[in-house]
Structure formats: structure tokens, C-alpha cells
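As a plain string of letters, each chain reads:
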Amino acid sequence: MATNKDKKHYISRSESRAIAKENSKAIRHFEKQKKRRAKPDDYTAQMKDDNNIIEFEDLHTYFFSDAGTVKAVNGVTFSIPAGSTVGVVGESGCGKSVTSLSLMQLVQAPSGQIVSGSIRFKASLFKRDARGKKIPVYEYETETDENGNQAVKLNENGEPVIKLNKKGKKIIKKNELGGNLYEMEDRVVDIAKMPTDAMRSIRGREIAMIFQEPMTSLNPVFTIGNQLDEVGLLHIEGISKKQVKARSIEMLKLVGIADAEGVYKKFPHELSGGMRQRVMIAIALLCNPKLIIADEPTTALDVTIQAQILELLRDIKHKINGSIMLITHDLGVVAEMADYVVVMYAGRVIEMGTAEDIFDHPMHPYTIGLQKSKPTVDGEVDKLYCIPGFVPNPINMPDYCYFRDRCEMCKEKCAGEYPGYVQVSPTHKVACYLYEDTKEDGDGK
Ligand SMILES: Nc1ncnc2c1ncn2[C@@H]1O[C@H](COP(=O)(O)OP(=O)(O)OP(=O)(O)O)[C@@H](O)[C@H]1O
Ligand code: SF4
Ligand SMILES: [Mg+2]
């Protein structure tokens, strides 16, 4: 006969049926939300701080699996200031990738869904007319006025005369990428509430992503040129094939590929790992994004190429005047690149601050453990420090501090509810009961 203890290790048929029923109900609800027709006002938001380009607030992204609900991202709150590099660190499975995929609305559906919270983004969106169509900016006929100056020609009703091409079609002005110019508007949107359709105008154009493994992200049966051009043709409306090829080659040159024309014609397997990663960066840069998400961009590369790619990312951030969200479990990479660091553990942010805050004054016992487990060149160590224990099961998270079962500093209060943030300095926040007395202003999340 099964004891109560045994029962914890398996799910009975009736429990499994109940989970499946709950899952399909939840999935149906979220999928309907994503497919709904919504006006921009329905997902317009307000930035808490105007200097930020992204603000995550209490984001929850779950996977509705057969074994139960995996709370992969369980209340994540942090911001990316415009023009900065924010490093997101934490051990494998802590929710770094799922946080970034939520930002791109690329969480593996239907089981993966953004359940609640906000992802506010300062976007430049196409203005739409009453029928929902983009509003083109046309080229106008000009004429010389009585003072000899060039002025827009007006018709008998006083309206500007639009230039026509040989076929009698109105000529649309070109933007800096060679595509059609449309009227744009700056609008803060909440990506967590945006329908899938609307997200298409942001993904790839305003926010681009560089994935960990370029070999699996590039399609092996198409040339590099095909794959670059495809992105350009998809996102830059009105661009000609000749212009898109020129832009693709320009981007390959920008990422430091000397023989750009040659590489344009090659297949991914003909390139080295470092070159493939450069191609991935070129694809990400094609539409001048404001934010680049780099998910472990150097994990598959050797140290020298890793240094080159990091240098390239830094260089490009200045060139495009954008921001980078750099996801890694390599503290060395973060120390070299990031202005701000966000430390995640079991689907939550447990500490955040400037790179100096986190590296010179780590406060959360987990961050302290991470720093201790880092190998150093000068220090003589017999054995590297290892944080004892395991991350809690994401299906069955405890209601107390998620790090408590591994924490060597825990106190009585830690058995109570999950700790809120303690603002230990204007730039440094930590979710831990040890620092309650140093509290400046906690927001209780
Ligand atoms: N498609 C999926 N279905 C079910 N669970 C998933 C899926 N993708 C991720 N998860 C779960 O979500 C949690 C967070 O995963 P995530 O990929 O974000 O981790 P990570 O921090 O990026 O780790 P790594 O450093 O290994 O890339 C993990 O517990 C993982 O098992
Ligand atoms: S709240 Fe308590 S258990 Fe959690 S990390 Fe801080 S000291 Fe450790
Ligand atoms: Mg990951």
C-alpha cells in the first residue's frame, strides 16, 4: 500500500486529469487574450521613470505542464535605463531566458504564457488612420516662388501636390534604411498586454535578440545573405531587393567581417563559430533596434573570440545609441560589460544594483555565494566554493524565501513570508531579511 510519503513522487490519474483540465482552461484564456483585436489605447502604459527604456514590473510567466504549473518567472521587477547595458545573472534554470522571451513575446506557447505583470517599453509605433492603415509620408512637387526659393507646390484647394511616378502612383518618401517613410508616434506600450499582431511591429524592428547558439538559430539550408535579406524585407517595408542586399553587406562589414560579399553567399556550416555569432549580431542590427537582448552570446565561443564579440557588442551599443540586456551566467562577462546587474534566483530578482554595488558590495547570501564560487587567477584555492543544496522545484515553490534551504545566514524571520526589497542605497536593492535595519525604502515586492 502506498504511504503518504510515496504519494509525493507521482501524480494519480485523477490529479493528472484535473491538472489537464485546469491547464486547458488557463491556456484558452491567455491565447484568446493574445488573439483579441485591441486598439493601441488598450495596451498603452506610462513609464515610472522616463529615463528607462524597459520596465519589468511583477512579471509572472508560467508553463502549464502535465506535472503542474512551472512558475519560471515569478514576480520579476527591474528596469533597463536607456543607453545602458544591464547584465542578468543567475544559475541555470532561474528564468533569465524566459524573462527575455517574455519581452519578445516568444515564450513557447501554448504551454508557456505571460500570466500577469507588465513589461513597459518606450516604442516608436506607426501612426494609423481611422481604418487602421499606416499613414505614408509622400514626396511633394516643388516650384520656385517669386523670390526664387523652392517651395511645395499647392493645388487650387491650397493642398500640397503629391509627386507621382511613371505609373501614376503616389511616391512615398524613403526613411534612413531605404524603406517607405510612415508617420510615427512615440508611445509607451505594455508588451505583456499586447496582442500578438501588434507585437510584430516591435519584435525584430525595435527589440532584437541574439541567441546563445548561432548554429541552431541560423537555417542550415539558406545562405547568410538569404537570411539577412529576409529580415530586412520583412521589417523594412518598401525596400528594394538591391537596397536590402546593400544593407545586409553593410551590416556584415559593421560586425567586423572582412570579406562581407563572400560571406553573404556562404552557408552557415562554412563559417566558424565566431563568424556565425557575428552574423547573428548583423541580423539583430539590420533594423536599427533600440534594445538588443543578448542571451549568452559568448557561451559557445572560445575565450579570444568571446573577447572580440564582447568588444563588438560594446562598440555597436555606442554606434546605434541603444541599450543591451545581457544574459549570462558568466560573472566575468558581466563585470566587463554591464553598467547595472540584476541577480535572479528561482524566477525572482533577489538583488540589483550597479556593477560596483554587486561586485564590490554583494549583499544577498546567494550573490555572496556566487562571488565566492568564482575562480581567481591570483588567489590560491584548494577547492572552489560551491553553494550547498538545490534550487526548489519550480512547480512547488515554498512560500518563504526561496534561498532559505541553502542559506547559511538565515534567521528566525526567514521562515515567514517571502522577503520584500530593502533599498540599501539609492542604486542597490536586495530581497533579504538580513538588511531590514538598513532599509531606505522597500516596495514590498
Ligand atoms: N518550454 C518549456 N516548458 C516547460 N518549462 C520550461 C520551458 N522553458 C523553460 N522552462 C522552465 O523555466 C525555468 C526557467 O528556464 P530558463 O530557460 O529561463 O532558465 P535560464 O535561467 O535561462 O537557464 P540557463 O542559464 O540554463 O539558460 C526552468 O525551470 C525551465 O525548466
Ligand atoms: S531572507 Fe533569510 S533565508 Fe533568505 S537569503 Fe536572506 S538570510 Fe537567507
Ligand atoms: Mg537561458
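Residues numbered from 1 in each chain as written. Chains lettered and ligands numbered in written order. Predicted model: local features only at pLDDT ≥ 70, side-chain atom pairs only at ≥ 80, totals over all residues.

## Brief notes about the overall build of the protein
Spelled out, the test is: Numbering goes from the N terminus for both helices and strands, where a helix is a DSSP run of H or I of at least four residues and a strand is a run of E of at least two. The burial label depends on the number of other C-beta atoms within 10 Å of a residue's C-beta. Counts of 20 or more mean buried, 12 or fewer mean exposed, and intermediate counts mean partly exposed, with C-beta atoms placed from the backbone. In this description, any two residues whose backbone-derived C-beta atoms lie within 7 Å of each other are considered to be in contact.
Each helix and strand counted, the protein has 13 helices and 14 strands in total. C-alpha extents for the protein along the principal axes are approximately 90 × 55 × 50 Å. Here the protein holds 445 residues, and the buried ones make up 35% of them. Nonlocal contacts in the protein, meaning residues at least 24 apart in sequence, comprise 65% of its contacts between residues at least 6 apart.

## Quick word on the confidence of the model for the protein
Applicable threshold: How sure the predictor is of each residue is captured by pLDDT, a score from 0 to 100.
Summary statistics for the protein give a mean pLDDT of 88 and a share of 93% for residues scoring 70 or more. Taken as a whole, residues 1-7 scores under 50 in pLDDT and shows one contact with residues more than four places along the chain or in a different chain. Confidence over residues 441-445 falls short of pLDDT 50; this stretch has 12 contacts with residues more than four positions distant or in other chains.

## Details of the pairing of strand E4 (residues 112-126)
For clarity, the threshold we go by: When DSSP finds two or more bridges between a pair of strands, those strands are recorded as paired.
Where strand E1 (residues 52-65) meets E4, eight bridges bridge the pair, whose relative direction is antiparallel. In the strand pairing of E4, Glu-55 is matched with Arg-120. Sheet topology places E4 next to strand E7 (residues 184-190); seven bridges connect them, and they run antiparallel. Looking at the pairing, Phe-121 lines up with Val-189 of E7.

## Considerations on the pairing of strand E2 (residues 68-81)
Counting buried residues in E2 gives 11 out of 14 residues, a clear majority hidden from the surface. Both E1 and E2 contribute to a ladder of 10 bridges, which runs antiparallel. Note on E2: the bridge partner recorded for Asn-52 is Pro-81. Taking the residues between adjacent antiparallel strands as the criterion, E1 and E2 are bridged by two residues.

## Regarding the site of ligand 2
Which entries qualify depends on this criterion: Note on definitions: a residue is near a molecule or strand provided its C-beta atom, placed from the backbone, lies within 6 Å of it. Residue polarity follows a fixed list, in which Ala, Val, Leu, Ile, Met, Phe, Trp, Tyr, Cys and Pro are nonpolar, Asp, Glu, Lys and Arg are charged, and the others, Gly among them, are polar.
Near ligand 2 lie 13 residues; those nearest to it are Cys-401, Cys-407, Cys-410, Cys-414 and Cys-432. Residue classes in the shell around ligand 2 are distributed as 11 nonpolar, one polar and one charged.

## Some details on unusual backbone geometry
A cis geometry characterises the amide bond from Ala-109 onward to Pro-110, with omega recorded as 5°. A positive phi angle is found at Asp-58, which is not glycine, with a value near 50°. As for its placement among the helices and strands, Asp-58 is situated in strand E1.

## Side note on the sheet that holds E2
Consider a sheet: its strands pair through backbone hydrogen bonds, and that pairing is either parallel or antiparallel. Heads up, the condition is: Geometry is summarised by axes, namely lines fitted to C-alpha atoms with helices restricted to the contacting stretch, and by angles between N-to-C directions that run from 0 to 180 degrees.
Strand order in the open sheet made by the four strands is E2-E1-E4-E7, with antiparallel pairing throughout. Every interior strand has two partners, whereas the edge strands, E2 and E7, have only one. Strand-to-strand twist of the sheet, defined as the mean angle between neighbouring strand axes without regard to direction, takes the value 15°. In the packing of helix H2 (residues 13-35) onto the sheet, contacts are made with E1, E2 and E4, and the angle to E1 comes to roughly 145°.

## Concerning the nonpolar core
Keep this limit in mind: Think of a nonpolar core as buried Ala, Val, Leu, Ile, Met, Phe, Trp, Tyr and Cys residues chained together by C-beta atoms that fall within 7 Å. Each domain span listed reflects an automatic or database assignment of domains.
With 97 residues, the main nonpolar core has Ala-282, Leu-326, Val-342 and Val-343 as its most contacted residues. Considering every element that reaches this core, the biggest residue donor is helix H9 (residues 273-285), with eight residues. Residue-level mapping places this core at the junction of two domains, with at least three residues from each of domain 1 (20-129 + 183-206 + 287-438) and domain 2 (218-286). Ignoring any residue separated from it by four or fewer positions in sequence, one finds Val-343 in contact with Val-89, Gly-90, Val-349, Ile-350, Glu-351, Met-352, Ile-358, His-364 and Thr-367.

## Here's the deal with helix H3 (residues 96-103)
Residue pairs three or four apart in sequence face the same way in an α-helix, which turns once every 3.6 residues. Within H3, eight of the eight residues are buried, which leaves the element mostly enclosed by the surrounding structure. Taken as a whole, H3 has its buried residues at Lys-96, Ser-97, Val-98, Thr-99, Ser-100, Leu-101, Ser-102 and Leu-103. Just downstream of H3, Gln-105 is the residue with a positive phi angle, here 55°.

## Digging into the domain arrangement of the protein
The domain architecture assigned to the protein consists of domain 1 (20-129 + 183-206 + 287-438) and domain 2 (218-286). Just the C-alpha atoms count here: the centres of domain 1 and domain 2 sit 29 Å apart. The partner domain 2 presents 12 residues to the 14 residues of domain 1 that form the contact. Each residue belonging to the side of domain 1 that touches domain 2 can be placed in one class, and the counts come to 11 nonpolar, two polar and one charged.

## Some words on the site of ligand 1
Close to ligand 1 lie 17 residues; Ala-72, Ser-92, Lys-96, Ser-97 and Val-98 are nearest. Of all the secondary-structure elements, those providing two or more residues to the shell around ligand 1 are E1, E2 and H3. Here the shell around ligand 1 takes three residues from H3, the largest share from any one element. A class-by-class count of the residues in the shell around ligand 1 yields six nonpolar, 10 polar and one charged.

## Considering the environment of Cys-410
Of note, Cys-410 is situated in the loop between helix H13 (365-372) and strand E13 (422-425). In the structure, Cys-410 is positioned 300 residues away from Pro-110 in sequence and 39 Å away in space, judged by C-alpha atoms.

## Re H13
Those residues of H13 not exposed but buried are Pro-365, Tyr-366, Thr-367 and Leu-370. Those residues of H13 that are buried are in contact with helix H11 (331-337), strand E11 (340-345), strand E12 (348-354) and helix H12 (355-360).

## Looking at the environment of Met-397
Checked against the element boundaries, Met-397 lands in the loop between H13 and E13. By the C-beta count within 10 Å, which is 18 here, Met-397 ends up partly exposed. The spacing of Met-397 and Gln-227 is 170 residues in sequence and 42 Å in space, taken between C-alpha atoms. Leaving out residues up to four positions away in the same chain, Met-397 has contacts with Lys-71, Asn-74, Ala-346, Pro-392 and Tyr-402.

## Side note on the environment of Gln-423
By the element assignment, Gln-423 lies in strand E13. Sequence separation between Gln-423 and Tyr-435 is 12 residues; the distance between their C-alpha atoms is 8.9 Å.

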